[in-house]
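Results of the structural survey
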Amino acid sequence: MTNTQDFRSAMNLADYYSPSDGGDTAFSVVAPLVKFGPSSLREIGVDARTLGMSRVAIFTDARVAELEPLAVVQESLRKSGVDSEIYAETEVEPTDRSFKAGTAFANEGKFDGFISVGGGSVMDTCKAANLYSTYPDDLLAYVNAPIGRAEPIPGPLKPHIACPTTFGTASECTGIAIFDLLEMKAKTGIASIRLKPNLGILDPNNLKTLPKNVMAANGFDVFSHAIESITARPYTQRPAPASSDVRPLSQGANPYSDVSCIEAIRRVGVSLVDAVNQPEDKHYESLMFASLLAGIGFGNAGCHIPHGMSYAVAGLVRDYQPDGWPTDHPMVPHGISVIVNAPAVFRFCAASCPERHLAAADAMGADIRGASLADAGILLADRVIKMMRQTGMPNGLAGVGYTEADLKALTDGAFPQKRVIDNGPRAISWDDLHEIFKDALTYW
Ligand SMILES: NC(=O)c1ccc[n+]([C@@H]2O[C@H](COP(=O)([O-])OP(=O)(O)OC[C@H]3O[C@@H](n4cnc5c(N)ncnc54)[C@H](O)[C@@H]3O)[C@@H](O)[C@H]2O)c1
Ligand SMILES: [Fe+2]
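The structure presented is a predicted model; accordingly, all values stated were derived computationally and were not measured.

So, how was this worked out
- Residues numbered from 1 in each chain as written.
- Chains lettered and ligands numbered in written order.
- Predicted model: local features only at pLDDT ≥ 70, side-chain atom pairs only at ≥ 80, totals over all residues.
- Near = placed C-beta within 6 Å.
- Helix = DSSP H or I, 4+ residues; strand = E, 2+ residues; numbered from the N terminus.
- Nonpolar A, V, L, I, M, F, W, Y, C, P; charged D, E, K, R; others polar.
- Domains from an automatic or database assignment.
- Contact = placed C-beta atoms within 7 Å.
- Axes fitted to C-alpha atoms, helices over the stretch in contact; angles between N-to-C directions.
- Parallel < 35°, antiparallel > 145°, perpendicular 65-115°, else oblique.
- Left-handed = near helix turned anticlockwise from the far one by under 90°.
- Expected span 1.5 Å × (residues − 1).
- Buried ≥ 20, exposed ≤ 12 C-beta atoms within 10 Å, placed from the backbone.
- Core = buried A, V, L, I, M, F, W, Y, C linked by C-beta atoms within 7 Å.
- Pairing = 2+ DSSP bridges.

1. Some thoughts on the site of ligand 1
In the neighbourhood of ligand 1, 32 residues make up the surrounding shell, with Arg63, Gly119, Gly120, Ser121 and Thr166 lying closest. Listing elements by their share of the shell around ligand 1, those giving two or more residues are helix 5 (120-134), strand 6 (176-181) and helix 6 (212-231). Top element by residues in the shell around ligand 1 is helix 5. It accounts for four residues. Partitioned by chemical class, the residues of the shell around ligand 1 number 14 nonpolar, 14 polar and four charged. In this structure, the shell around ligand 1 is formed jointly by two domains, domain 1 (4-29 + 210-439) and domain 2 (34-208), each of which donates at least three residues.

As structure tokens, then:
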């Protein structure tokens, strides 16, 4: 392949979606209801009223509680006559302990609605508090199998407006709530369409106070959502569901997700390095919009191996404490736990759908003139590694404290994440995953 036109048309070809024996023949599109724009948060009082809220629990965390977005929300609710109480105890990178504490607050307050103002940690905790206060049960009831019992949520939840003050997780668009189960040292979550917020308000002004490292980590999370969605196993290769009502949320790559995700990758490629090193308002808008586009994509397609690996990378942390996050406990923040794996995954998986890896490298800003399909994985990995260095991200797994001696535990931790690992472009064995972790130890 010698010119960009060739791979662009390859990207458009329906070949990736050719039918397979027993494979699915349809995909569904779940579109979030969102509002986007600078100062859009000021409209939340009317939005809350429209959703029938009269007394709301506002979930936030200790740092965001001191910032302007929370004051904007309170003022707008007050003007619309909506009563509110604040819960600012949310743990950053929440745990089962903090999900339970949030639920206790929700139980006490007799609320008829929920508003979350914060990052993924806050939005996810708010979803869990809404769920467990509406349909009380033990925590594992609704948690994904095999760790939990994955019972269906019995009915609708109370209305929830999610207002991200970070970007990347797209939790405002998804029916997912993620937490660390402390006794198992494992990240897991709850996934149900019923957890999806009724409205997401994306106000790029909220990003102005984000620390540099959080900006970088979350930018790479957006990128990884988008690249994993376009390189996921095509929906036509996933076994057809026994009945249409059990088609999974993570359907695999599909033509709808492709459109939003390639644009998300382009925006991250254009904006992220400057947003971290010399931010301007235009970068906040671009990255928050990219986050939304990628969120729509991975909400329908699903993530795969870099995210599957990230659960073990975050869960087994020993003493890593990056600048920009609270320092009360060691953590590998989500975006970092994903991006340290991603280049190694591209090198391993690119041969399964090289056009898509090459299209992503091009969208990220790599020079692909004269490239061949065989170069796709290396080109994309090199481009991402360069941007990791330009934005101060850690140098692979070693950069967050792991050594060769940890590879087995990391592989054992990630391999059971079947739901995500199986959504990758090729089937991988335990040994393959071990090899990918090994390749992710250091990049430069
Ligand atoms: N539900 C989903 O679909 C989904 C998807 C991906 C990740 N997640 C989860 O989301 C969590 C990560 O969320 P996150 O990356 O958005 O960050 P976060 O909520 O963990 O916050 C990171 C840090 O940034 C601070 N912060 C937030 N907004 C700020 C602002 N505007 N200015 C200054 N500081 C600010 C927070 O106080 C915190 O210290 C993880 O638990 C991850 O597993 C959820
Ligand atoms: Fe993510």
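So, next bit.
2. Section: the environment of Leu272
Relative to the helices and strands, Leu272 resides in helix 7 (residues 255-277). Along the backbone, Leu272 and Pro136 are 136 residues apart, and their C-alpha atoms lie at a distance of 42 Å. Aside from chain neighbours lying at most four places away, what touches Leu272 is Gly219, Leu287, Met387 and Thr391.

3. Observations regarding the packing of helix 7 against helix 8 (residues 281-301)
Where helix 7 meets helix 8, the closest approach of the two axes is 8 Å, and the angle between their N-to-C directions is 150 degrees. Considering the angle they form, helix 7 stands roughly antiparallel to helix 8. Taken as a pair, helix 7 and helix 8 cross one another with a handedness that is left-handed. Its residues assigned to classes, the contact of helix 7 with helix 8 shows 14 nonpolar, seven polar and three charged.

4. With respect to helix 5
With 15 residues, helix 5 extends 21 Å between its outermost C-alpha atoms, agreeing within 8% with the 21 Å of an ideal straight helix rising 1.5 Å per residue. Of all 15 residues making up helix 5, 14 are buried, and the element is well covered by its neighbours.

5. A word on the domain arrangement of the protein
Interfaces are often sized by the amount of accessible area the parts lose when they come together. In terms of domain boundaries, the protein breaks down into domain 1 (4-29 + 210-439) and domain 2 (34-208). Here domain 1 and domain 2 have C-alpha centroids that lie 25 Å from each other. Considering each element in turn, the side of domain 1 that touches domain 2 owes the most residues, 11 residues, to helix 8.

6. A closer look at the nonpolar core
Ranked by size, the top nonpolar core spans 133 residues in total, and within it Val56, Val73, Ile265 and Leu380 carry the most contacts. Here this core takes 11 residues from helix 8, the largest share from any one element.

7. A few points about the sheet that holds strand 4 (residues 113-118)
Read across the sheet, six strands follow the order 1-8-5-4-2-3 without closing on themselves; strand pairing throughout is parallel. Strand pairing shows two members of the sheet lacking a second neighbour, strand 1 (34-36) and strand 3 (83-87), which therefore form its edges. The sheet shows a mean angle of 20 degrees between the axes of neighbouring strands, taken without regard to direction. Across two bridges, strand 5 (residues 160-164) lies against strand 8 (residues 199-202) in parallel orientation. What sits directly across from Ala162, in strand 8, is Gly200. Helix 4 (residues 96-109) rests against strand 2 (55-59) and strand 3 of the sheet, and its axis sits at about 165 degrees to strand 2.

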